[in-house]
Amino acid sequence: MRHMLSSLLVTVLLLGTAVFTASAFEAEGYNTPDSWSMQTTPGQFKQSMTGVGLTKDSRLYMTLTTRLRLRSDEYADDQDIYQYIRLHTDSVKLGNGTMKVAAFGRFAKDINGDSDKEWSDNYFYSQRGILDTEEDMNDFAPRLYHGYVQLDGVVKNTKANIGRFYLEHLNTFQLDGADVTAKLNDMFSVYAYGGRPVSYYYDLDSDSVVGGGAMFNYKGRTKVEAEYASIDVQDIDDDYSKFRVVQFIPGGSLVAGYTVLNDAGTVNLDFDYEFAKTGTIVTIGYEGMNDTVDSDKTYVVNPLTYTLLPQSKYNKYSASVYQAFAKYFAAGFSYETKNVDGTENFDNRDFDKYGFKFDINGLPHPDTYISLTADKWNVNSTEGNSDDNRLMYGCQIGQKVTEKVDVWAGSSFGRYEYDYTTDKRKDSVRSYYVGGQYQPLETLSLMLDVSREDTDFYDDVDSDLSKNYMVELWASIAF
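## A short note on the packing of aromatic side chains
Two aromatic rings are characterised by how far apart their centres lie and by the angle between their planes.
Then, in step 1: A complete count under the given rule lists 18 aromatic pairs for this structure.
Then, in step 2: Judged by centre distance (6.2 Å) and plane angle (10°), the ring pair of Tyr82 and Tyr84 falls under stacked. Neither residue differs from the other here; Tyr82 and Tyr84 are each classed as buried.
Then, in step 3: For the ring pair Tyr191 and Tyr193, a centre distance of 6.5 Å and an interplane angle of 15° mean the geometry is stacked. In this pair, the class of Tyr191 matches that of Tyr193, namely buried.
Then, in step 4: Feature note: the residues Tyr82, Tyr84, Phe104, Tyr145, Tyr200 and Trp474 constitute an aromatic cluster, connected by ring pairs.
Then, in step 5: Across the ring face of Phe104, the terminal group of Arg86 is positioned such that the distance to the ring centre comes to 4.9 Å.
Then, in step 6: When the ring centre of Tyr200 is taken as reference, the NZ or CZ atom of Arg143 above it lies at 4.4 Å.

## What about the pairing of strand E21 (residues 329–340)?
Then, in step 1: Judged from the twelve bridges that link them, strand E20 (residues 314–325) and E21 form a sheet pairing that is antiparallel. Each residue of the ladder has a partner; that of Tyr322, found in E21, is Gly332.
Then, in step 2: Where E20 folds back onto E21 in an antiparallel hairpin, the turn is made up of three residues, including Ala326, whose phi is positive at roughly 50°.
Then, in step 3: The pairing of E21 with strand E22 (residues 351–361) spans ten bridges and is classified as antiparallel. The partner of Thr337 across the bridge, within E22, is Asp352.

## As for the pairing of strand E7 (residues 97–110)
Then, in step 1: Here strand E5 (residues 77–89) pairs with E7 via nine bridges, running antiparallel. Looking across to E7, one finds that Leu87 is bridged to Ala103.
Then, in step 2: Here strand E6 (residues 92–94) pairs with E7 via three bridges, running antiparallel. Note on E7: the bridge partner recorded for Leu94 is Gly97.
Then, in step 3: Hairpin geometry of E6 and E7 is characterised by an intervening segment of two residues between the two adjacent antiparallel strands and by a positive phi of about 60° at Gly95.
Then, in step 4: Where E7 meets strand E10 (residues 143–152), nine bridges bridge the pair, whose relative direction is antiparallel. If you follow Lys100 over to E10, its bridge partner there is Gln150.

## Comments concerning the pattern of salt bridges
Then, in step 1: This model, assessed by the stated rule, comprises twelve salt bridges.
Then, in step 2: A salt bridge links Asp80 to Arg69; the shortest N-O distance between them is 2.7 Å. With Asp80 in strand E5 and Arg69 in strand E4 (residues 59–72), the pair connects residues that are eleven residues apart, well separated along the chain.
Then, in step 3: Looking at Arg69, the relative accessible area reads 15%, which means it is buried.
Then, in step 4: The partner of Arg71 in a salt bridge is Asp78, with the nearest N and O atoms 3.1 Å apart. Neither residue differs from the other here; Arg71 and Asp78 are each classed as buried.
Then, in step 5: Here the salt bridges share partners, and the residues they tie into one network are Arg69, Arg71, Asp78 and Asp80.

## As for helix H2 (residues 130–137)
Then, in step 1: If you check which residues of H2 are buried, you get Leu131, Asp132, Glu134 and Glu135. Angular distribution of buried residues about the axis of H2 spans 160°; they occupy a single face of the element. For H2, the exposed residues lying more than 90 degrees away from the buried face are Ile130 and Asp136.
Then, in step 2: Turning to H2, the residues buried within the fold contact E5, E7 and E10.

## With respect to the nonpolar core
A general trend in soluble globular proteins is that nonpolar side chains are found buried together.
Then, in step 1: Phe173, Leu175, Tyr193 and Ile231 are the most contacted members of the largest nonpolar core, which has 20 residues in total.
Then, in step 2: Mapped onto this core, the elements with two or more residues apiece are strand E13 (188–197) and strand E15 (222–233).
Then, in step 3: Tallying contributions element by element places E15 first for this core, with three residues.
Then, in step 4: If you look at the next biggest cluster of nonpolar residues, it comprises eleven residues, including Tyr82, Tyr145, Trp408 and Trp474.

## Quick notes on a negative patch on the surface
Then, in step 1: Together, Asp263, Asp291, Asp294 and Asp296 line one region of the surface with negative charge.
Then, in step 2: In this fold, Asp294 is placed in the loop between strand E19 (280–289) and E20.
Then, in step 3: Given the relative accessible area of 41%, Asp294 is considered partly exposed.

What counts and what doesn't
Residues numbered from 1 in each chain as written. Predicted model: local features only at pLDDT ≥ 70, side-chain atom pairs only at ≥ 80, totals over all residues. Heavy atoms only, no water. Phe/Tyr/Trp six-rings, centres within 6.5 Å; stacked < 30°, edge-to-face > 60°. Buried < 20%, exposed > 50% of the residue type's maximum accessible area, 1.4 Å probe, protein only. Lys NZ or Arg CZ within 6 Å of the ring centre and 35° of its normal. Pairing = 2+ DSSP bridges. Helix = DSSP H or I, 4+ residues; strand = E, 2+ residues; numbered from the N terminus. Salt bridge = Lys/Arg side-chain N within 4 Å of Asp/Glu carboxyl O. Arc of directions from axis to C-beta. Contact = heavy atoms within 4.5 Å. Core = buried A, V, L, I, M, F, W, Y, C linked by side-chain atoms within 4.5 Å. Patch = residues over 30% accessible without salt bridge, like charges linked within 9 Å, V, L, I, M, F, W, Y side chains within 5 Å. Areas by Shrake-Rupley, 256 points an atom, 1.4 Å probe, with all protein chains shown as cover. Lys, Arg positive; Asp, Glu negative; His and termini not counted. Charge placed at Lys NZ, Arg CZ, Asp CG, Glu CD.

This is how it looks when you write it as structure tokens:
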């Protein structure tokens, strides 16, 4: 840790630029403070709203973000630097329609590489991660998350994305290709897409995804969608179809879906409703697979979607209730259970999960947010594995100090029980974090986040790996 902190004063000068803020996470009828998502999904970016003039009717909006990540344990330190760039333009007139451009990418570098990786008689580097693997393949680990041109109405009643993009239909594949939607009337539209799937770790030059679908939307109250995709990945072909009906009702919605991967189908039913008089929110869900996914036909580790993992027949049920009361308080309870009808394995077993959360919003200060959470998993035994259990609980606090300053802190604990060779093991992880964000200008943001993790998981290997520290620094500017 001392090596990491000494390098902090030097490397912080490298930090460049872009306004960072995370979009609010909406769930169970309330908004989590923006800064909180930093703890679970770091790297969300606010797009520039000012822009630089390109033409009379169009502006270029650009955000630059530099991120420094410092990690340490008692064995080794690691410093990584990331440079992100995000840009988009206004829609400009093109023929009878409009055109706009958007791109988002990054470069990254492991500053100190994998030095000090020799450990006793073994080659081991505790801080080696995904970035090191990427740099082994390409210097500066370049990534293009998206880069596309969107044509809207250039061909009458059509919208097309060309380049690298995420699909915005029933599926969310990331493709290098084209996606075209044609609006036939106010209620009915059809679409087709095709291209090469995107992976940052696999060579997919000869692979392809081709598909299409249709959507019927009746006055914003009833939506019916259907989609089919033909997937050729690593010389394995899959037929992947989805069907979904959404019915909006006063105070809630009903959703029914059916997904088919080759011969295996999955049914999804979801219901959510808010009782207006009491503010009580209730959700009920069901998911069931009617047959086993054939692993001989499906690529087991598919870079496109987790749906293509081999699983056996199961039924899963869930329910939750969330209630606000006494102006400042809210409590939620959830339950989920899974029953496997087919062959169980380590990744696909019966389980029961219980969840609880208690929120305090506005005490002791109007801009204070406190949340207590707890989860308990009971995972049933299978052949070769006894029952496994998991307990997690934690507390998070967020405080808006001024219009320009936000701070946050929290701690969580997790205990895991599982089989290890022939012995039953219990390992625990305790984590702490504290951070803050300062935005002196609308276009400038600075953020610091520090976390520590204590675990006994590595005690059998080396106790030097039991305490882990991480410091993240973000400096951002938007043009």
